[in-house]
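What follows is each chain in one-letter form.
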Amino acid sequence: MSALWSQECHFSGKYNRWQCIARHGNRQFTVKTGTVFEDSPLGLDKWLAALWQVVNCKNGVSSYEVHRAIGVTQKTAWFMDHRIRHALSMGTLNKFSGQIEADETFIGGKSRNMHTPNQARKISGTGGKDKTPVMGILERGGRSEPR
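Residues numbered from 1 in each chain as written. Predicted model: local features only at pLDDT ≥ 70, side-chain atom pairs only at ≥ 80, totals over all residues. Heavy atoms only, no water.

Visitor: Looking at this structure, I do not really get the confidence of the model for the chain. What am I missing?
Guide: As a general rule, the predicted coordinates of low-pLDDT regions are not to be interpreted in detail. Counting all residues, the mean pLDDT for the chain is 76, and 66% of those residues have values of 70 or more. The lowest-confidence element of the chain is helix H1 (residues 2-8), averaging 52 in pLDDT; the highest-confidence one is helix H3 (residues 63-70), averaging 92. Every residue in residues 1-5 is under pLDDT 50, and counting partners more than four places away or in other chains gives 1 contact. (pLDDT = per-residue confidence, 0-100. Helix = DSSP H or I, 4+ residues; strand = E, 2+ residues; numbered from the N terminus. Contact = heavy atoms within 4.5 Å.)

Put into structure tokens, the structure is as follows:
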């Protein structure tokens, strides 16, 4: 399935979106297409930080807290809070169902492949200390609900 998908869709860096070869309604799409984040010029880094704050705060979170934490204006934080709360009340943030696979890795250069001056400058310790952690989650055989 993934090989077929990668042959039918390609990433257009100029427009920062994906495009399918097959003709259908959503031929061009982005990562935010079909979500509550869709019509916003804000990046997912800010949306996910605000979502994390709203979901993890027991008594609710004010727009001023979100504004200070993620570095947007208070008006933007208010808009984000309301959109997230509306999505949570409507149940549009679908939960996983079925079999879930999760994996993590660390991205970064190997110290043995670097020149000695770069190695001394960039690597300060062992393990994944100076690398970027990345996690991926995949759902297999879950319920398929129409959007």
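Visitor: Help me understand the side chain of Asp81 in this model?
Guide: Turning to its location among the elements, Asp81 is positioned in helix H4 (residues 74-90). Discounting chain neighbours no more than four positions away, the residues touching Asp81 are Val54, Val61, Ser62, Ser63 and Val66.

Visitor: Hey, could you run me through the packing of aromatic side chains in this one?
Guide: The description of an aromatic ring pair rests on the distance of the ring centres and on the angle between the ring planes. Under the definition given, this model contains 1 aromatic pair. A centroid spacing of 6.3 Å and a plane angle of 70° characterise the contact between Trp47 and Phe79, whose relative ring orientation is edge-to-face. With Trp47 in helix H2 (residues 44-56) and Phe79 in helix H4, this residue pair connects regions lying 32 residues apart in the sequence. (Phe/Tyr/Trp six-rings, centres within 6.5 Å; stacked < 30°, edge-to-face > 60°.)

Visitor: Quick question: what am I supposed to make of the packing of H2 against H4 here?
Guide: The contact between H2 and H4 brings their axes to 10 Å, and the two run at 65°. As H2 packs across H4, the resulting crossing turns out to be right-handed. Of the residues in H4, those in contact with Lys46, Trp47, Ala50, Leu51, Val54 and Val55 of H2 are Phe79, Met80, Asp81, Arg83, Ile84, Arg85 and Leu88. Grouping the amino acids of the contact of H2 with H4 by side-chain chemistry returns 9 nonpolar, no polar and 4 charged. (Axes fitted to C-alpha atoms, helices over the stretch in contact; angles between N-to-C directions. Left-handed = near helix turned anticlockwise from the far one by under 90°. Nonpolar A, V, L, I, M, F, W, Y, C, P; charged D, E, K, R; others polar.)

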